[in-house]
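Spelled out, the chains give:
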Amino acid sequence: MQGWRFIAQRALGDEVLDWEVPFALSSNPKRDLSGPGAMTGTITPEYARMMGSDGTPILQEWGTKMYLEIEGDIRWGGIITKTSFDGPQFTVACEGFSSYPHGIPYESYIISGKKITPKDPYAGKDKNHDGWVDGQKGKKKVPPPPKPYGGPRIDVFDGFRHVWAHVQGKPGGNIGIKVDAHDLGELLGTSNGEDPWELAWWDNPDCGQVLDTLTTQTPFDWLETHEWANATSNTINHRIRLGKPRLGRKRPDLRFMDGENIAAIAKPEGMGDDYANEAIVLGKGEGKKMKRAQVYRPRTGGRLRRVVTVTDKTLASDKSLRSRGDKELAGRTANLQIPAIQIWDHPNARFGSWSLGDDIRVQVHVPWVGDIDVWHRIIGDEISADGRCTLTLKRSDSFHY
């Protein structure tokens, strides 16, 4: 692993504890699109007992940040979330910074698109219910009460940032993540106030689940990144990049082909029992009052109707129900896809030349099927010390944003 090193840093205060942690990988560092990623490895128990200058162990659950640096660039960053002993080995499991909000309760209140009912100035002024204002000289009809309307609404990305700010604003909660400042251009809640977006402490929402719901319901991409502040600094910047709504781009400049830079492919697969061309989405409410939407795909090629039912009690508007149905069907396509490829560092596509979210053209030969030439999106990557990298893929035409 020449050019590789693992760096340990205190989770709070950012003190670098060790520039050369003797970390032996048991799973390759994995980055995920719109997810935290993970890395697992082992060290000797003797090293595990080493203390930092503050008198606490260098490697500590929820107390240590870990990074993988390759040739001077930080290629992975995360937090130690679990440690265990397995015989003579000390096992360390790490997850990306974006795993931290999971399990953290939301303890405040925010609402977007609140239903506002103006005060009726004529309420109680027609006690005999004859339709005329009481006590007026002359006759004045009681006007209809003012109509309710929707209150101020916030952008989806403002809601995403609000939750991150809430998590990091608590004592001992600032993990150092900065979230992009731009807006998505979609507002939470409805304009008429009938379906506000609300977070309330008394409902005990989980901050991580709220972030996931915003991501999938809207939908949009985000990516966790870590990099040195500059070439001579020991400061590491942590960022959540937000798509508008997606990240990445089509990459005709990169080539992924059997016999050139593809070392192996995961078994191509269809959807089998998971295939569906219709989705029924059940949302808020109970019984006959439950919110419901049906989303269809054309039944081409003589395929039978296949239905998937999704229940999500956070959804109320027809738009959010249909968006959830579209996303569910997008992942249940009838088309063959390549779930992953393993590649060499090659002039066709140098390591680091792609970004998560990019669309790449995959050209492979599949026994019993023949030649496949299909665009896929990169939704994850794992780099290994043997000079290979595994790209996790999903068909580009399965995304609807």
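Along every chain, residues carry numbers that run from 1 in the direction the sequence is written. The model is predicted, so local features are restricted to residues of pLDDT at least 70 and side-chain atom pairs to those at 80 or more, both for listing and for counting; the totals for chains, interfaces and linings are taken over all residues. Computation of side-chain values covers all heavy atoms of the structure but excludes hydrogens and water.

Per an unreviewed UniProt entry, the protein carries the name Minor tail protein and comes from Streptomyces massasporeus.

Trainee: So what exactly am I meant to see when it comes to helix 2 (residues 156-168) here?
Mentor: Given 3.6 residues per turn, any residue in an α-helix points the same way as the ones three and four places further on. The terminal C-alpha atoms of helix 2 lie 19 Å apart, and with 13 residues this matches the ideal 18 Å at 1.5 Å per residue to within 8%. Partly exposed residues are those whose accessible area sits between 20% and 50% of the maximum for their type, while under 20% is buried and over 50% is exposed, using a 1.4 Å probe and protein chains only. Secondary structure follows DSSP: runs of H or I at least 4 residues long count as helices, runs of E at least 2 residues long count as strands, and numbering of each begins at the N terminus. In terms of burial, helix 2 is a largely internal element, 10 of the 13 residues being buried. Turning to helix 2, its buried residues are Val156, Phe157, Gly159, Phe160, Arg161, Val163, Trp164, His166, Val167 and Gln168. Throughout, a contact is declared for two residues whenever any of their heavy atoms are within 4.5 Å. Buried residues belonging to helix 2 abut strand 11 (177-179), strand 12 (197-200), helix 3 (207-217), strand 13 (222-228) and strand 14 (236-242). Where helix 2 begins, the side chain of aspartate 155 points an oxygen toward the backbone nitrogen of phenylalanine 157, at a separation of 2.9 Å. Take the number of residues in a helix, subtract one, and multiply by 1.5 Å to get its expected span. N or O atoms within 3.5 Å of each other form a polar contact, as long as, within protein, one can give a hydrogen and the other can take it, and as long as residues adjacent in sequence are counted only when both atoms are side-chain atoms.

Trainee: Can you help me understand helix 3 in this one?
Mentor: Those residues of helix 3 not exposed but buried are Cys207, Gly208, Val210, Leu211, Leu214 and Thr215. What you see down the axis of helix 3 is that its buried residues fit within an arc of 165 degrees, all on one side. Where helix 3 is buried, its residues meet helix 2, strand 12 and strand 13. Sitting at the amino-terminal end of helix 3 is aspartate 206, which places a side-chain oxygen 2.9 Å from the backbone nitrogen of glycine 208. What the arc measures is the spread of directions leading from the helix axis to the C-beta atoms.

Trainee: So what exactly am I meant to see when it comes to the pattern of salt bridges here?
Mentor: When the charged atoms of two side chains with opposite charge come close together, those side chains can pair. Salt bridges are identified by distance alone: a Lys or Arg side-chain nitrogen within 4 Å of an Asp or Glu carboxyl oxygen. In this structure the tally under the stated criterion is 23 salt bridges. In this structure, the salt-bridge partner of arginine 246 is aspartate 359, at a minimum N-O distance of 2.7 Å. Within this pair, whereas arginine 246 is found in the loop between strand 14 and strand 15 (256-257), its partner aspartate 359 is found in strand 21 (residues 359-366), the two being separated by 113 residues in sequence. By relative accessible area, which is 26% here, arginine 246 ends up partly exposed. Among the ionic pairs, arginine 350 bridges to aspartate 345, the shortest N-O distance being 3.6 Å.

Trainee: Just checking my understanding: could you explain the sheet that holds strand 18 (residues 292-296) for this structure?
Mentor: Sheets are built from strands that pair by backbone hydrogen bonding, the pairs being arranged parallel or antiparallel. One bridge is not enough; two strands pair if DSSP finds at least two bridges between them. What the 3 strands build is an open sheet, ordered 18-17-19; its pairing is mixed. Only two strands of the sheet have a single partner each, and these edge strands are strand 18 and strand 19 (307-311). Taken over all neighbouring pairs, the strand axes of this sheet differ in orientation by 15 degrees on average, direction set aside. Sheet analysis places strand 17 (residues 278-282) next to strand 19, joined by 5 bridges and oriented parallel. The partner of glutamate 278 across the bridge, within strand 19, is valine 307. Angular values range over 0 to 180 degrees, each being the angle between N-to-C directions of two axes fitted as lines to C-alpha atoms, with helices fitted over their stretch in contact. Running at roughly 40 degrees to strand 18, helix 4 (residues 318-330) makes contact with strand 17, strand 18 and strand 19 of the sheet.

Trainee: What's the story with the pairing of strand 22 (residues 370-383) in this structure? I'm lost.
Mentor: A regular strand carries its side chains on alternate faces of the sheet. Pairing of strand 3 (residues 24-32) with strand 22, which is carried by 3 bridges, proceeds in the antiparallel orientation. Residue pairing in the sheet places aspartate 32 in a bridge with glycine 380 of strand 22. Where strand 21 and strand 22 come together, 8 bridges link them in antiparallel fashion. Opposite arginine 361, over in strand 22, you have tryptophan 375 as the bridge partner. Hairpin connection of strand 22 to strand 23 (residues 388-395): 4 residues between the antiparallel strands, including glycine 387 at a positive phi of 85 degrees.

Trainee: Honestly, the packing of aromatic side chains in this entry has me stumped. Any pointers?
Mentor: Aromatic pairs are defined between Phe, Tyr and Trp rings, using the six-membered ring for Trp, whenever the two ring centres lie within 6.5 Å; interplanar angles under 30 degrees are classed as stacked, those over 60 as edge-to-face, and all others as tilted. Under the defined criterion, the tally for this structure stands at 11 aromatic pairs. With 5.3 Å between their ring centres and 15 degrees between their planes, tyrosine 109 and tryptophan 202 make a pair best called stacked. Of this pair, tyrosine 109 sits in strand 8 (residues 109-112) while tryptophan 202 sits in the loop between strand 12 and helix 3, and the two are 93 residues apart along the sequence. With a centroid separation of 6.4 Å and an interplanar angle of 45 degrees, the aromatic rings of phenylalanine 160 and tryptophan 222 are classed as tilted. With phenylalanine 160 in helix 2 and tryptophan 222 in strand 13, the pair connects residues that are 62 residues apart, well separated along the chain. Here the aromatic residues Phe157, Phe160, Phe220 and Trp222 are joined through ring pairs into a cluster of three or more. As a reminder, the over-ring test applies to NZ of lysine and CZ of arginine, requiring each to be within 6 Å of the ring centre and within 35 degrees of the ring normal. Across from the ring centre of tryptophan 375, 4.5 Å away, lies the NZ or CZ of lysine 250, which sits over that ring.

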